[in-house]
Amino acid sequence: MSSSSQRRAYGALGLSTLAFTACFALWMQNGVLVTYLSEQGTFSFDEVEIGWLLGVPVLTGSILRLPVGLLSDRYGGRKVFSAVLLAAALGAFLLSRAQGFWGFLVGSLGFGVAGTSFAVGVAYTSAWFPKERQGTALGIFGAGNAGSAVATLLTPWMLEVFTAGGADPEGWRAVPLVYAALMVIVALAFALLAGTPPREARSGVALREQLTVLRSARVWRFGLYYFLVFGCFVALAQWLV
């Protein structure tokens, strides 16, 4: 790689890692937010409703990874990643307007799309680097999982500040708005600065041909590994809060 290509690749890696961190922080915010609102009596969610509100964003991000991955193959990671960030921002905005369980559920479904950022980011990041360096690059990108820690550490502090220590219960609505603003800023930065990788392959094949990969037992086996390892991490990140 030439020095200019390296700079562009490292810049794209930094932006994609930042975007993934922001997405993961938003994706995990309900673990803190729903718990706080229930304990403060702002909403009278029962145990089943709390379970749904914690699980729905994760479910959205998981189910939509395949179609978002297909879109990335067809339209490129930069465009799709930017769209994911903006869609998640819209979901966070809707969450800030929730008046009850169903409003909260709709907002959670919306910002849950942030969970698809992993599928987009892996393909986008790896396209910038030769095969012998892709493992390192993806390891750096994967560190964006630290967004879950960001949400766990910063969201309680923001709730304390925006609600004036509980004196203004409705102040919680500023928290998802902060996340929404963050996603819009990162989306604009990503769309304008990330660039298109030189080795990014755009898929021109039919959808049926793209889905033939699902016939491979190896795909399902690795999916099982991912379910056990990453799924347990996400479950603990949500429920331990």
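Below you will find a few notes about this structure. (Residues numbered from 1 in each chain as written. Predicted model: local features only at pLDDT ≥ 70, side-chain atom pairs only at ≥ 80, totals over all residues. Heavy atoms only, no water.)

Quick word on the packing of helix H7 (residues 117–126) against helix H8 (residues 131–142)
Packed helices, taken two at a time, are described by the angle their axes make and the gap between the axes. Running from N to C, H7 and H8 cross one another at 145 degrees; their axes reach a closest spacing of 10 Å. The handedness of the crossing between H7 and H8 is right-handed. Here H7 contributes Ser117, Phe118, Gly121, Val122, Thr125 and Ser126 to the contact with H8, which in turn contributes Gln134, Ala137, Leu138 and Phe141. Looking at the contact of H7 with H8 residue by residue, the class counts come to five nonpolar, five polar and no charged. (Axes fitted to C-alpha atoms, helices over the stretch in contact; angles between N-to-C directions. Helix = DSSP H or I, 4+ residues; strand = E, 2+ residues; numbered from the N terminus. Left-handed = near helix turned anticlockwise from the far one by under 90°. Contact = heavy atoms within 4.5 Å. Nonpolar A, V, L, I, M, F, W, Y, C, P; charged D, E, K, R; others polar.)

A few points about the layout of surface pockets
Quantified by volume, the largest pocket comes out at close to 1,300 Å³. Around the largest pocket, the lining is made up of 31 residues, and of these Ser62, Arg65, Leu66, Gly223 and Tyr226 lie nearest the centre. Counting only elements with at least two residues in the lining of the largest pocket, the list comes to helix H3 (47–63), helix H4 (65–75), H7 and helix H12 (217–239). If you tally residues by element for the lining of the largest pocket, the top one is H12, at twelve residues. Considered class by class, the residues forming the lining of the largest pocket number 21 nonpolar, eight polar and two charged. (1 Å grid on protein atoms, 1.4 Å probe; cavity = no way out; pocket = protein on both sides within 12 Å on 5 of 7 lines; lining within 4 Å. Points joined across faces, edges and corners; volume = space filled by probe spheres on them.)

Looking at the packing of aromatic side chains
A full pass over the atoms with the stated rule returns 22 aromatic pairs. With centroids separated by 4.8 Å and ring planes inclined at 50 degrees, the aromatic side chains of phenylalanine 81 and phenylalanine 190 adopt a geometry described as tilted. With phenylalanine 81 in helix H5 (residues 77–96) and phenylalanine 190 in helix H10 (residues 174–193), this residue pair connects regions lying 109 residues apart in the sequence. For the residue pair phenylalanine 81 and phenylalanine 190, the accessibility class agrees, reading buried in each case. Put simply, the rings of Phe20, Phe24, Trp27, Phe118, Phe141, Tyr226 and Phe230 touch in pairs and so form one group of aromatic residues. Positioned above the aromatic ring of phenylalanine 222 is the side chain of arginine 221, whose terminal nitrogen or guanidinium carbon lies 5.9 Å from the ring centre. (Phe/Tyr/Trp six-rings, centres within 6.5 Å; stacked < 30°, edge-to-face > 60°. Buried < 20%, exposed > 50% of the residue type's maximum accessible area, 1.4 Å probe, protein only. Lys NZ or Arg CZ within 6 Å of the ring centre and 35° of its normal.)

Observations regarding the pattern of salt bridges
Considering all chains together, one arrives at one salt bridge under this definition. With a shortest N-O distance of 2.6 Å, arginine 173 and glutamate 170 are connected by a salt bridge. Among the residues examined, arginine 173 registers a relative accessible area of 13% and is labelled buried. (Salt bridge = Lys/Arg side-chain N within 4 Å of Asp/Glu carboxyl O.)

Notes on helix H6 (residues 101–111)
Those residues of H6 that sit buried are Phe101, Phe104, Leu105, Gly107, Ser108 and Phe111. Projected onto a plane normal to the axis of H6, the buried residues spread over an arc of 170 degrees and lie on a single side. If you follow the buried residues of H6, they end up packed against helix H1 (3–27), helix H2 (29–39), H3 and H5. (Arc of directions from axis to C-beta.)

Comments concerning the side chain of serine 148
Structurally, serine 148 is set in helix H9 (residues 147–162). For serine 148, a relative accessible area of 9% gives the class buried. Reaching out from serine 148, the side chain makes a polar contact with the backbone oxygen of asparagine 145 at a distance of 2.9 Å. Setting aside chain neighbours within four positions, we find serine 148 in contact with Phe24, Met28 and Phe233. (Polar contact = N/O pair within 3.5 Å; in protein donor to acceptor, adjacent residues only side chain to side chain.)

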